[in-house]
Amino acid sequence: MRSVYLAGFDVFLPDAAAHGERLKTLCATYGFEGLFPLDNMAPDGLSGPALAQWIYRENVALIRRADMVMANLNPFRGAEPDSGTAFEVGYAVACGKPVWGYTGQAGSLIDQVAVGAAADDGASRMVDAQGYTVEDFGLSLNLMLACSARIVAGGAADCLACMARAPGG
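Rules used in this analysis
- Residues numbered from 1 in each chain as written.
- Predicted model: local features only at pLDDT ≥ 70, side-chain atom pairs only at ≥ 80, totals over all residues.
- Heavy atoms only, no water.
- Helix = DSSP H or I, 4+ residues; strand = E, 2+ residues; numbered from the N terminus.
- Buried < 20%, exposed > 50% of the residue type's maximum accessible area, 1.4 Å probe, protein only.
- Contact = heavy atoms within 4.5 Å.
- Phe/Tyr/Trp six-rings, centres within 6.5 Å; stacked < 30°, edge-to-face > 60°.
- Lys NZ or Arg CZ within 6 Å of the ring centre and 35° of its normal.

(A) Representation of the overall build of the protein in the model. Within the protein, the secondary structure is distributed over six helices and seven strands. Helices and strands appear in the protein in the N-to-C order β-α-β-α-β-α-β-α-β-β-α-β-α. Taking the principal axes of the C-alpha coordinates as reference, the protein spans close to 60 × 40 × 30 Å. For the protein, buried positions account for 37% of its 169 residues. In the protein, once contacts between residues fewer than 6 apart in sequence are set aside, the share between residues at least 24 apart is 67%.

So this is what it looks like as structure tokens:
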């Protein structure tokens, strides 16, 4: 059975451990073993930076152990995916792991965050609310995520179904 590290901000849900168990059960439905970040129990007495370092080490160890990664790339605390999840995607790619991501954001970044156009030296560009250029590649995520992972529009079940149908899945 191929193992899948379940990256995402799901660890911040009020029922995170139960949600992780539901994700792992869903993984099993598609023939995968789910590895959820909260599978590791921190040693007693750790807090602050020491706990953060322990979590980091354990999560990257789970990514290294996994055959592949599935990442929840839905917006978190703003218009972009969780920064920790983005790191985990990059780390998995650097380790040579296949990465799959899912998001409910099916429209392009222009559709999602552009609020207007700006013109500089005769060149027109779309901008967000702070005036930053919004990349226009027709992708639903920043190109560094969209080009490094197979992106599925939908939820975890949709992503797992695509993973199971893929060659080597």
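Picking up after the structure, the text goes on.
(B) Representation of the packing of aromatic side chains within the structure. One pass over the full model with this rule turns up four aromatic pairs. With centroids separated by 6.0 Å and ring planes inclined at 25°, the aromatic side chains of F87 and Y91 adopt a geometry described as stacked. Of the two residues, F87 and Y91 are both situated in helix α3 (residues 83–94); the distance of four residues between them amounts to about one turn of the helix. In textbook terms, an aromatic cluster arises when at least three aromatic residues are bridged by ring pairs, as seen for F9, F12 and F76. Positioned above the aromatic ring of F12 is the side chain of R77, whose terminal nitrogen or guanidinium carbon lies 5.2 Å from the ring centre.

Interpretation in functional terms is not warranted from these geometric data alone.
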